[in-house]
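The chain contents come next:
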Amino acid sequence: MVKVTVCGAAGGIGQPLSLLLKLNPKIDELALFDVVNVPGVGADLSHICSNSTTSSHLPSAKEDKTALADSLKNSDLVIIPAGVPRKPGMTRDDLFNINASIVQGLAQGIAETCPDAFVLIISNPVNSTVPIVAETLKKNNVFNPKKLFGVTTLDIVRANTFISQLFPKESKPTDFNINVIGGHSGETIVPLYSLGNSKQYLDKLSEEQQKELIHRVQFGGDEVVQAKNGAGSATLSMAYAGYKLAESILKALDTPNVVECTFLNLDSSIKGASEAKKLVGNLDFFSLPVKLGKSGIEEVQYEILDKISDNEKKLLEVAVDQLSKNIEKGVSFVKK
Ligand code: APR
């Protein structure tokens, strides 16, 4: 029996993500939690004739904790796209404080109800919300670094698509699986085009074109925000990316050695994490390719860091500097 819970299931990301999960035959029970509109989303999805049952959970009042606990009970995998998008007049700090509290509250629920579950964080800013979840689980003495994932898969999805768009006759987005390391915002995102089959295409680009391509991956989210003209940020592509990581984790329960890039805690209990940490300025959290198994992250593929180009090394330095501040912000939010 595999149970998956989506927290924030009625939102722009939550709804398409829940639909994709509903279609996955490995899932037996899909639980949807939100603070608004979730009964309607649940009723709608429940008519789909797939493998899983659907339940929806809406708190009856602000202080009602039973709906969250019911949604999380016996869950194997919890995905969190809950939060608020930035509204006019709101600063980034305002957004951080709101989403940080939401994520902290949900992490507390996980600690109390399903501490052994895999936890995937989508709520932004991921560079800070993942440390918030880690600290909250630590406070409750239930933290397992092998099972906490910050979803950075959208950066990989964009990296694959954007290089292919520059070579439409010679390639398709599905030809690529670019490693994207670092964090999940702006210059903390470091696409490694110099490795693997993308190198032959990268070499055909001028220095200026290479810069533009990397910048497009780092700030790809802005294209969607602008095109949506005030109506929000990436939802469909983000839902796809979140689903892709969830699918790999579910696959690894039966077939180990699935490799995915994810933002993880570089805890010394994970094979290769201490080595990785030394190569990324001693940061506690970083996105790198990892090998997945039935217990979660089995190994960090840190060796990739020895193979990156000089230009990527420079990008990495900038990323490390920014990331350390983002991580500290998340950690101190819980410790304050
Ligand atoms: N518990 C559960 N769900 C919550 C909570 C909470 N405490 N607070 C808010 N939500 C729900 C909202 O009710 C809404 O349905 O989270 C959902 C968020 O959906 P949207 O507002 O449509 O936002 P979305 O575009 O999906 O983005 C969500 O992901 O990429 C990030 O920056 C983005 O942090 C934001 C999050």
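It should be emphasised that the depicted structure is a prediction, and the values quoted were computed from it without experimental measurement. (Residues numbered from 1 in each chain as written. Predicted model: local features only at pLDDT ≥ 70, side-chain atom pairs only at ≥ 80, totals over all residues. Heavy atoms only, no water.)

Asks: Would you mind going over the pattern of salt bridges with me for this structure?
Replies: Where charged atoms from two side chains of opposite charge come close, those side chains can pair. The final tally for this structure, using the stated rule, is 12 salt bridges. The salt bridge involving Lys291 is made with Glu299; its shortest N-O contact spans 3.9 Å. Look at Lys291 and you get partly exposed, because its relative accessible area is 22%. Between Asp310 and Lys313 there is a salt bridge, and its shortest N-O distance comes to 3.8 Å. Here Lys313 and Asp310 lie together in helix α12 (residues 310-335), a separation of three residues that amounts to about one turn. We classify Asp310 as exposed; its relative accessible area is 58%. The class for Lys313 is partly exposed, based on a relative accessible area of 40%. One network of salt bridges, with partners in common, ties together Lys271, Lys291 and Glu299. (Salt bridge = Lys/Arg side-chain N within 4 Å of Asp/Glu carboxyl O. Buried < 20%, exposed > 50% of the residue type's maximum accessible area, 1.4 Å probe, protein only. Helix = DSSP H or I, 4+ residues; strand = E, 2+ residues; numbered from the N terminus.)

Asks: What is the right way to read the domain arrangement of the protein chain from this model?
Replies: Here the protein chain is partitioned into domain 1 (3-150) and domain 2 (152-336). Put simply, the middle of domain 1 and the middle of domain 2, counted by C-alpha atoms, are 22 Å apart. Summed over both sides, the interface between domain 1 and domain 2 buries roughly 3,400 Å², with carbon and sulfur atoms accounting for 71% of that surface. Ranking the residues of domain 1 by area buried against domain 2 places Asn127, Lys146 and Phe149 at the top, with a combined share of 19%. Applying the counting criterion to the domain 1 and domain 2 interface returns one salt bridge. Residues Lys26 and Asp254 are paired through a salt bridge, measuring 2.8 Å at the closest nitrogen-oxygen approach. The interface formed by domain 1 and domain 2 contains 11 residue pairs in polar contact (both at pLDDT 80 or more). Only α1 (14-22), β4 (77-80), α4 (92-113), β5 (118-121), α5 (126-139) and β6 (148-150) provide two or more residues apiece to the side of domain 1 that touches domain 2. Class assignment for the residues of the side of domain 1 that touches domain 2 results in 22 nonpolar, 10 polar and six charged. (Domains from an automatic or database assignment. Buried area = accessible area lost by both parts, 1.4 Å probe. Polar contact = N/O pair within 3.5 Å; in protein donor to acceptor, adjacent residues only side chain to side chain. Nonpolar A, V, L, I, M, F, W, Y, C, P; charged D, E, K, R; others polar.)

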